[in-house]
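Structure assessment
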Amino acid sequence: MRLVIDAVSKLYRGRVWGLRDFSLELEPGVLALVGPNGAGKSTLMRILATITKPTAGRVTWNGTDISRSPDQLRAVLGYLPQDFGVYPNLNAVEFLQYMAALKGLPGRAARQRIEELLHVVNLFEARDRPLGGYSGGMKQRVGIAQALLNDPQLLIVDEPTAGLDPEERVRFRNLLSDLAGERIVILSTHIVSDAEAAATEIAVINGGQLLEHAEPERLLQALEGKVWQWVIPSTELTAVKERYLISSSARRSDGVHVRVVSEAPPAPNAQAVAPTLEDAYLYFISSANGSTGGENGP
Amino acid sequence: MRTLHTLYHLTRADFFERFRRYSFLVVLAITVGAGYLFVPPEGAGYLVLHVGLRRGIYNSAWIGLVFGFIAAMHLPLFGFYLVKNALERDRQTGVGQIIATTPISKPVYVVGKWLSNLAVLTLILGVLTVMAVIMQLVRAEDLTINPWALVGPIWLMGLPALAIAAAMAVLFESVSFLRGSLGNVAFLFIWLSMMGRVLSGAFDEATHLAQPTNDLLGFTRAMADIQQQVLALEPDAHMGSGLIVPVGDGEVSTFVWDGIGWSVGSVLGRAMWSGMAVVIPLASAIPFDRFDPARSRQRLKREGLLTRLQKRMGAIRRRDVLRRQCAETRVIQAATAVHLTPLALAPQRGQFLGVLVAELKLMLRGHSLIWYAGTVGLILACLVIPLQYVKQYLLPMVWLWPVLIWSQLGIRERRYNTGQMVFSAPHPVTRQLPATWLAAVFFTVVAGSGACVRLALTGEITGLLAWFVGALFAPALALALGVWVGNSRAFEIVYLLLWYLGVMNQVPAFDYAGVTPAGLAMNIPLVYLGLTAGMVVLAVIGRRRQLQM
C-alpha cells in the first residue's frame, strides 16, 4: 500500500496556484496535513480523491497513476470533503444505502456495515429522521459514516471535526486511532490538537508548498530549547507581540504569562518549557512567511 | 432616506454578483445572436413580423417595433427563468440568514431583489437596443437613424413586461411551493395563456383588425397602427399577421412604416403597467419566510410522507416510540474507545443494478402524497378511459407528469453539494450517470404504462415504439442540459416548449413522442432517437469535464 505524490502542481483560473511542486510518499499510518486557511490542503485532498486533476506532476496509488485509472483508487477510497451536503429527503440509512450502492457494496454487507457505522457515529437513534432536519454536527457524522462504508484502504478526511461537539471530537479521534494500521489515513485540519491525538506523521503546508514532513516527535525535537514561558506586565504585551512569536498568553494576578517561540531567551527571567505541536506549527508557518518574532525569532 | 440607501446597496450587490458571472456573458452573447436573427435578410426563408406577408422596410420605426415585440412577448419568458434565483442564491450561500439578522424589512428586501432582477433584464434590453441600431445599419435599407422611433417601442413595450416578469420571479421564489420546478412549469403556462388571451382578444374575427387597448405587451396598439397604415396603402390588403413565419422567395412585399404615434396617454398607460409591477414584490413579502430554516424543516416533514410512514412503522416494531424523538436531547455518554469491524466482503465490480435501484429510490423520495396518487391515477385512467380521450387529454399529461423527476437529472449533485462524495465513488461516468438516466427512463415508462398498454392493445406498434423513443429522449435531454447548465431551468424551458409544440399543438417537427400521424410518417421519432444518443454522449462528456476540473 503506497501513495506517491510526485511534484504535483495545481493552477486555478486567474493564475492562482493551489499547489506548487508538492511531493510526498505515504505508507500505512495517519498523516495530519496542517496549515493555515488557503494553504492548499483541500486542493491536495481533492486531487488525491480523484475529484480534481493536477495541472502538473502525478499521483500514483500502488504504482498506478490515479489521473489515468481513477477507478482503481476509488474502489478502495473513503473521502469526507470539507464542504458537502446530503439529500434532505432521505434518512441516514437510505443515504448510506445509496452511497453503498455507488461504492459497489453488496446489499447484505451494506446493511450490516451501515448499522454498525450508525452506532459508531452515534446516529443510530436518529437513523429514521430525514437528513434535512439534522444539525450540522449530525450531518458531519453522516459524512464520516459514508467515508467508512467500504472499509477504505485510503481514507481522506478534510476538516472532519468541524462542527462536532467535544465529545464527538474525542469519539472521532478514537475512531481514527482504531482505523490506523493497515490503511493510509490523511487527515486535514487546522486544529493542532486533533493532529496531535491521531497522527503518526505530520505535514506542514503553506502557500501550496510542503514546509515540513516528519513524525510528531521529530517536529518537537526541532523546537527543543526554543520555547519560553515569560511573565510580563500587561502594559508590555503589545510590544512583546510585535517583537516575538507568541503561541499563547494568559492573564494572571502576577502579570501576563506568554509563551514565546524564539531561538534565544527573550529575557533573563524567561524559562525554557517543553514545546508542543502548536508551537512547532506556528514556528514553521512563521519561518515560511518570514514574519517571525523580531530580533530573536526563527 | 436610509431605506433608499439600503435598497440601493442591496440591488447593487445583487446585480454585480450576477453581472460578473461567466454565464451572464453567455446570456449577452445569446442576446446579440438573437438580435441578429430578428432582422433576416432577403431569402432567409423566414420573416419576423408581417401583416398579410408585408413587412416594413428596415428603418428605425420597423426595427424598433420588431425588437419591441420580441422584448415584450418573448424576453419576459426567458427573463423570468434567468432571474428566478435571487432569493435562492442567498438561501444556498447562507447569506440569507445573515441578512435576516439585520434590521432590513421583508418588503425592502424583496423590492431590492425585484430591482436587481429588473436591472439585469434592463441591461439585456439595452443590448437589444444597441443590436437594433447595428442591424438597421447592417441591413442598410434605410440608413437614417431616428432615435425615438427606434428606442420608443423597445422600451415602452418591453420594460413593463420585463418589470412584471422580474416581479413574478420574486413572487415565485417567496412562495414555497412555487420555488422549484412546479413554479417553473406554472409560469410557462401562465405566460403562454396570458399571451394567448392578449392575441386572441386583439383581433376582430371577421376583419382581422386589431382593437387598440392598453394590454401588458403593448401589442394591440402597435398592431392596429400598422394595419391602418397598410390599409391606407392598399384598402383590400389581407390583415392576417404573425411574428415569426416561414416564407418563400418573392412572397414578401415591403412598405414604409413611420412608427407608432405615441400619445401622452399611451405612454402613461405603459408606465402604469410598470408601476403595477411594484405591487407584486410588495405582496411577495407576505409569504417570504425571511430564511427561517424552521419553516423549511416543517415543509420537509410534510413532504417526506413515506419517510414518516417508515419511521412510524419502525417505531411500532421496536415498541419504542419515545426513543425516536430523543436523539437530540439524549444524555451524552462518556466518550469511549470506538471499534469498527473490518468489512468481510470487498466491494464488487458490476453492481450496476444496485446503483440503478438506488438512483430510482433517490428519484422517488420527497414528493407529496398527491404526486404519488396522481401517478397511480394517471396509469389507471389511461387503462380505463376510451382511447380517443386518452390520446386527446391524458397522453399530453403523461408527457408532462414526469417533468419534476426529469428536471433533477444531472443537477442533483450540484444542488445538494454531494458531488465530491458521489464522484469519488467508482465509475461515476460509466455506472452512476447511465444508472441515473435509465432510472428516469424506467419511471417514464411506468408512469406512461397505462397509455402504453392501450397502444399495444390497439396494435399501434409504430406509435408504441415512437412512444419509447420519447421515454428515452426526454430524460436524456434533461440529463445533458442538467450536466452542462447546472440547473433545471434550461431543461424546463426547452422541454415545455417542445411539449407545447409537439404534444399539445402536434407540430410534426417537434413530435418527439410520436403522437402525430404526420410525425410518424416523416420518421420524426428516428430523428429524436438520434438526438437521444447525442444527448447521452453530451452528458458523458459534460460529466467527464466536471471530473477533470
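Everything numeric in this text was worked out from a predicted model, so none of it was measured. (Residues numbered from 1 in each chain as written. Chains lettered and ligands numbered in written order. Predicted model: local features only at pLDDT ≥ 70, side-chain atom pairs only at ≥ 80, totals over all residues.)

1. Thoughts on the overall build of chain A
Formally: Strands here are runs of E lasting at least two residues and helices are runs of H or I lasting at least four, both read from the DSSP assignment and numbered beginning at the N terminus. Burial is judged by counting the other C-beta atoms within 10 Å of a residue's own C-beta: 20 or more makes it buried, 12 or fewer makes it exposed, and any count in between marks it as partly exposed, with every C-beta position built from the backbone. Two residues qualify as a contact pair if the distance between their C-beta atoms, derived from the backbone, is within 7 Å.
Of regular secondary structure, chain A possesses 10 helices and 14 strands. The C-alpha extent of chain A, read off along each of the three principal axes, is 70 × 45 × 35 Å. Residues counted as buried form 52% of the 298 residues belonging to chain A. Sequence-distant contacts, at least 24 apart, represent 69% of the contacts inside chain A between residues at least 6 apart.

2. Structural notes on the overall build of chain B
So the rule is basically this: For this measure, only C-alpha atoms enter the radius of gyration; the expected value for a globule follows 2.2 Å times N^0.38, where N is the number of residues.
When helices and strands are tallied, chain B shows 26 helices and four strands. Radius of gyration (C-alpha) of chain B: 27 Å, near the 24 Å computed for a compact globule of 549 residues. Its C-alpha atoms give chain B principal-axis dimensions of roughly 90 × 70 × 45 Å. Counting contacts in chain B only where the partners sit at least 6 residues apart, residues at least 24 apart contribute 79% of the total.

3. Some remarks on the domain arrangement of chain B
Residues and elements named next belong to chain B. Convention followed: The source of the domain bounds is an automatic or database domain assignment. The residue classification treats Ala, Val, Leu, Ile, Met, Phe, Trp, Tyr, Cys and Pro as nonpolar and Asp, Glu, Lys and Arg as charged. All others, Gly included, are polar.
Each assigned domain of chain B is listed here: domain 1 (2–292) and domain 2 (352–547). The C-alpha centroid of domain 2 is placed 31 Å from the C-alpha centroid of domain 1. If you list the elements that add at least two residues to the side of domain 1 that touches domain 2, you get α4 (75–83) and α9 (181–202). Counting residues per element, the side of domain 1 that touches domain 2 draws most heavily on α9, at six residues. Along the lines of polarity and charge, the residues of the side of domain 1 that touches domain 2 split into six nonpolar, two polar and no charged.

4. Some points on the sheet that holds strand β2 (residues 16–26) of chain A
Pairing between the strands of a sheet comes from backbone hydrogen bonds, and it takes one of two forms, parallel or antiparallel. Residue and element names in this part refer to chain A. Short version of the rule: We call two strands paired when DSSP finds no fewer than two bridges between them. To define axes, lines are fitted to C-alpha atoms, for helices over the stretch in contact only, and angles between the resulting N-to-C directions are given on a 0 to 180 degree scale.
In space, the four strands of this open sheet follow the order β2-β1-β4-β5, with antiparallel pairing throughout. Every interior strand has two partners, whereas the edge strands, β2 and β5 (64–65), have only one. As paired elements, strand β1 (residues 3–12) and β2 share seven bridges and run antiparallel to each other. Residue lysine 10 lies in a different strand from β2, and its bridge partner there is leucine 19. Contacting β1, β2 and β4 (56–61), helix α1 (residues 41–48) crosses the sheet at an angle of about 60° to β2.

5. Re helix α22 (residues 449–457) of chain B
All names here are of chain B. Considered for burial, the residues of α22 that qualify are Gly450, Ala451, Cys452, Arg454 and Leu455. The elements touched by buried residues of α22 are α16 (369–384), α17 (387–398) and α23 (461–485). Just downstream of α22 lies glycine 459, where phi reads positive at about 75°.

6. Observations concerning the sheet that holds strand β8 (residues 184–189) of chain A
Residues and elements named next belong to chain A. Taken in spatial order, the six strands line up as β6-β7-β8-β3-β9-β10 in an open sheet, and their pairing is mixed. The two strands at the open ends of the sheet, each matched to only one other strand, are β6 (77–80) and β10 (209–214). Averaged over all adjacent pairs, the angle separating strand axes in this sheet is 15°, with direction ignored. Inspection of the sheet shows strand β3 (residues 29–34) paired to strand β9 (residues 201–206) by four bridges, in the parallel sense.

7. Re the domain arrangement of chain A
Residues and elements named next belong to chain A. Per the domain assignment, the segments of chain A are domain 1 (3–220) and domain 2 (222–296). Each of domain 1 and domain 2 was reduced to a C-alpha centroid, and the two centroids are 33 Å apart. On the side of domain 2, 10 residues touch domain 1, which itself brings 14 residues to the contact. Mapped onto the side of domain 1 that touches domain 2, the elements with two or more residues apiece are α7 (192–198), β9, β10 and α8 (216–221). The element contributing the most residues to the side of domain 1 that touches domain 2 is α8, with four residues. Here the side of domain 1 that touches domain 2 is built from residues that sort into nine nonpolar, two polar and three charged.

8. Considering the nonpolar core
Selection rule: Note on terminology: a nonpolar core is any set of buried Ala, Val, Leu, Ile, Met, Phe, Trp, Tyr and Cys residues joined through C-beta atoms within 7 Å.
Ranked by size, the top nonpolar core spans 153 residues in total, and within it Ala32, Phe95 and Leu187 of chain A together with Leu477 of chain B carry the most contacts. At 14 residues, the largest contribution of residues to this core is made by α23 of chain B. Those residues in contact with alanine 32 of chain A, other than ones at most four positions away along the chain, are Leu187, Thr189, Ala195, Ala198, Ala199 and Ile202 of chain A. Of all hydrophobic cores here, the second largest spans 72 residues; its members include Ala71, Ile124, Ile164 and Ala167 of chain B.

9. A word on the pairing of β1 of chain A
Residue and element names in this part refer to chain A. Hairpin remark: β1 followed by β2, antiparallel, with three residues in the connecting loop; positive phi at glycine 14, about 80°. Two elements, β1 and β4, share five bridges in a ladder whose sense is antiparallel. Its bridge partner being in β4, aspartate 6 is matched across the sheet by arginine 58.

10. Some remarks on the confidence of the model for chain B
All names here are of chain B. To be explicit about the condition: Values of pLDDT, which run from 0 to 100, indicate the predictor's confidence residue by residue.
When pLDDT is averaged across chain B, the result is 86; 91% of the residues are at 70 or more. Of the regions scoring below 50 in pLDDT, residues 320–334 engages in 11 contacts with residues more than four places distant in sequence or in other chains. Listed scores for the predicted complex are pTM 0.76 and ipTM 0.82.

11. Re helix α24 (residues 489–504) of chain B
Turning to α24 of chain B, its buried residues number three or more, namely Arg489, Phe491, Glu492, Tyr495, Leu498, Trp499, Gly502 and Val503 of chain B. Buried positions along α24 of chain B lie against α4, α9, α17, α18 (403–406) and α23 of chain B.

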